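One-letter residues, chain by chain:
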Amino acid sequence: MKNKQTEFIVKDHSISGEEFKIIENSEYGFLETTPQPSEEKLPLYYKSDDYISHTDSKRNIFETIYHSIRKIALKKKVKLINSFSLDDKKLLDIGCGTGDFLQVAKQNNWSVFGIEPDINARTIANKKTKNSVFNNDELTKFRAGSFDVITLWHVLEHIPNLEDYIRLLKKLLKPNGVLIIAVPNYKSYDAKHYKSFWAAYDVPRHLWHFDKNSISKLFLKFSMTVVNIKPMLFDSFYVSLLSEKYKNGRMNPIKGFYIGLLSNLKAIRSKEASSHIYIIKNS
């Protein structure tokens, strides 16, 4: 992948305090975090009790709000996958965290499988799914054409070997299968407002930073077509609240809510939400 130029510097506000460059990829148009940590070192940047997707805890109002919103989002996610006309209902959720989405999908008669690298989150997920969640190493052991739907909810931005990984996803999907990708959008209003303090840059855990054009261009290379794009309206509030903390050193719920709301209102016209869900058809 060819890079064009350095765009700006972003700090890892949540764990290491290190600074990373954000550069533009000239082939696809997304942004990249550089230098990218080695695959051996990368897990160290996830070692925090505050990494919220790896826990079911509700230790403070922030976590309580997060999990309450997640319940609403889960219903919408399951409604989305139930809307597809498919011969079967076999689902793979990659980066499934503590397994809530898989649990609800299972209750909706989906045959569920999950991939989760974090051992603590995986243990919680397996209690909810009757041991249907596996480590990363198991991903390559599934047979080709196994799944009707594969989901990556805020996961693709974490994947080191991007093109190889997409090839594997395509292989695992059935010919008429659906890939669902949810990622932050660096062209949203909240991203432009907070600039280097935008929490969704989340370096170096987020290795790639996408917009609508770059996602379409990236998957088209693998004969996969974006057929629909949906906004994730709750994300702007969550991201803006964290961004306020990174920018000013403390939570400011009123300001964070205002910027999140403003971002959603502006997205009505611009179609640039804080995060997007991409429905991608295999072919």
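All values reported here derive from a predicted model rather than from experimental measurement. (Residues numbered from 1 in each chain as written. Predicted model: local features only at pLDDT ≥ 70, side-chain atom pairs only at ≥ 80, totals over all residues. Heavy atoms only, no water.)

K.L.:
Looking at this structure, I do not really get the overall build of the chain. What am I missing?
P.N.:
Within the chain, the secondary structure is distributed over eight helices and eleven strands. On C-alpha atoms alone, the chain measures out to a radius of gyration of 18 Å, which is about the 19 Å that the 2.2 N^0.38 rule sets for 283 residues. The principal-axis extent of the C-alpha atoms belonging to the chain is close to 50 × 45 × 40 Å. In the chain, which comprises 283 residues, the share counted as buried stands at 51%. Put simply, the chain shows about 13900 Å² of open surface, and 53% of that area lies on carbon and sulfur atoms. (Helix = DSSP H or I, 4+ residues; strand = E, 2+ residues; numbered from the N terminus. Rg over C-alpha atoms; globule rule 2.2 N^0.38 Å. Buried < 20%, exposed > 50% of the residue type's maximum accessible area, 1.4 Å probe, protein only. Areas by Shrake-Rupley, 256 points an atom, 1.4 Å probe, with all protein chains shown as cover.)

K.L.:
Sorry, what's going on with unusual backbone geometry here?
P.N.:
Residues other than glycine predominantly adopt negative phi, and peptide bonds predominantly adopt the trans conformation. Residue Pro35 follows Thr34 across a cis peptide bond; omega there is -5 degrees. Positionally, Pro35 belongs in the loop between strand S3 (31–34) and helix H1 (61–82). At the junction of Val203 and Pro204, the peptide bond is cis and its omega measures out at -5 degrees in the coordinates. Take Pro204: it is sitting in the loop between helix H5 (189–194) and strand S9 (208–209). Located in the positive-phi region is Asn109, a residue other than glycine, with phi close to 70 degrees. Its location among the elements puts Asn109 in the loop between helix H2 (100–107) and strand S5 (111–115). By relative accessible area, Asn109 is classed as exposed at 65%.

K.L.:
What am I meant to see in the sheet that holds strand S10 (residues 224–231) here?
P.N.:
Across a sheet, paired strands are connected by hydrogen bonds in the backbone, their directions being either parallel or antiparallel. Ordered in space as S6-S5-S4-S7-S8-S11-S10, the seven strands form an open sheet in which the pairing is mixed. A strand with exactly one partner marks an edge of an open sheet, and here the two such strands are strand S6 (133–134) and S10. Of the pairings in the sheet, the one linking strand S7 (residues 147–153) to strand S8 (residues 173–184) comprises six bridges and is parallel in character. From the neighbouring strand, Val149 faces S8, where its bridge partner is Val178. Here helix H6 (residues 212–220) sits on the sheet in contact with S8, S10 and strand S11 (275–282), set at roughly 155 degrees to S10. (Pairing = 2+ DSSP bridges. Contact = heavy atoms within 4.5 Å. Axes fitted to C-alpha atoms, helices over the stretch in contact; angles between N-to-C directions.)

K.L.:
What exactly am I supposed to notice about the packing of aromatic side chains here?
P.N.:
Two descriptors summarise a pair of aromatic rings, namely the distance from one centre to the other and the angle between the planes of the rings. Counted under the stated rule, the structure contains twelve aromatic pairs. Here Trp198 and Tyr201 contribute two aromatic rings whose centre-to-centre distance is 4.9 Å and whose plane-to-plane angle is 85 degrees, an arrangement assigned as edge-to-face. Overall, Trp198 belongs to the buried group, its relative accessible area being 2%. The rings of Tyr28, Phe30, Trp208 and Phe210 are connected pair by pair, giving a single aromatic cluster. (Phe/Tyr/Trp six-rings, centres within 6.5 Å; stacked < 30°, edge-to-face > 60°.)

K.L.:
Quick question: what am I supposed to make of the environment of Leu31 here?
P.N.:
Topologically, Leu31 is positioned in strand S3. For Leu31, a relative accessible area of 5% puts it in the buried group. For the pair formed by Leu31 and Leu218, sequence separation is 187 residues and the distance between their alpha carbons is 13 Å. Non-local contacts of Leu31, meaning those with residues more than four positions away in its chain, are made with Glu7, Phe8, Ile22, Ile23, Glu24, Tyr186, Tyr201, Leu207, Trp208 and His209.

K.L.:
Would you mind showing me how to read the pattern of salt bridges here?
P.N.:
Where charged atoms of side chains with opposite charge meet at close range, the side chains can pair. Going through the model one piece at a time under the given rule, you end up with eleven salt bridges. One salt bridge connects Asp88 with Lys174, and the closest N-O pair in it is separated by 3.8 Å. Of this pair, Asp88 sits in the loop between H1 and strand S4 (90–94) while Lys174 sits in strand S8; the two residues are 86 residues apart in sequence, bridging distant segments of the chain. Of the residues examined, Asp88 reaches a relative accessible area of 40% and is grouped as partly exposed. Exposure remark for Lys174: the relative accessible area of 18% places this residue in the buried category. (Salt bridge = Lys/Arg side-chain N within 4 Å of Asp/Glu carboxyl O.)

K.L.:
It is not clear to me how helix H7 (residues 233–248) should be interpreted in this structure. Could you clarify?
P.N.:
Three or four residues apart is the spacing at which side chains of an α-helix point the same way, because the helix has 3.6 residues per turn. Between its terminal C-alpha atoms H7 stretches 24 Å, which fits the 22 Å expected from 16 residues at 1.5 Å a residue. Gly249 occupies a position one or two residues after H7 and carries a positive phi of about 85 degrees. (Expected span 1.5 Å × (residues − 1).)

K.L.:
When you look at the nonpolar core in this model, what are you seeing that I'm missing?
P.N.:
The nonpolar side chains of soluble globular proteins are, as a tendency, buried together. By size, the foremost hydrophobic cluster in this structure holds 35 residues, and its most contacted members are Ile94, Ile150, Leu179 and Phe219. Residue assignment for this core shows that the elements contributing at least two residues are S4, S7, helix H4 (162–172), S8, H6 and S11. In contact with Ile150, not counting residues within four places along its chain, are Leu92, Ile94, Leu169, Leu172, Leu173, Val178, Leu179 and Ile180. Ranked by size, the runner-up nonpolar core spans 22 residues in total, among them Ala105, Ile180, Met232 and Ile279. (Core = buried A, V, L, I, M, F, W, Y, C linked by side-chain atoms within 4.5 Å.)

K.L.:
Would you explain the packing of H7 against helix H8 (residues 253–270) in this entry?
P.N.:
In a pair of packed helices, the angle between the axes and the distance between the axes together describe the arrangement. For the pair H7 and H8, the least separation of the axes is 8 Å and the interaxial angle reads 140 degrees. Relative to H8, the element H7 is oriented oblique. Our pair here, H7 against H8, has a crossing hand that is right-handed. Where H7 abuts H8, its residues Leu233, Ser236, Phe237, Ser240, Leu241 and Glu244 lie against Pro253, Lys255, Gly256, Phe257, Ile259, Gly260, Leu261, Ser263 and Asn264. Taken together, the residues of the contact of H7 with H8 sort by class into seven nonpolar, six polar and two charged. (Parallel < 35°, antiparallel > 145°, perpendicular 65-115°, else oblique. Left-handed = near helix turned anticlockwise from the far one by under 90°. Nonpolar A, V, L, I, M, F, W, Y, C, P; charged D, E, K, R; others polar.)

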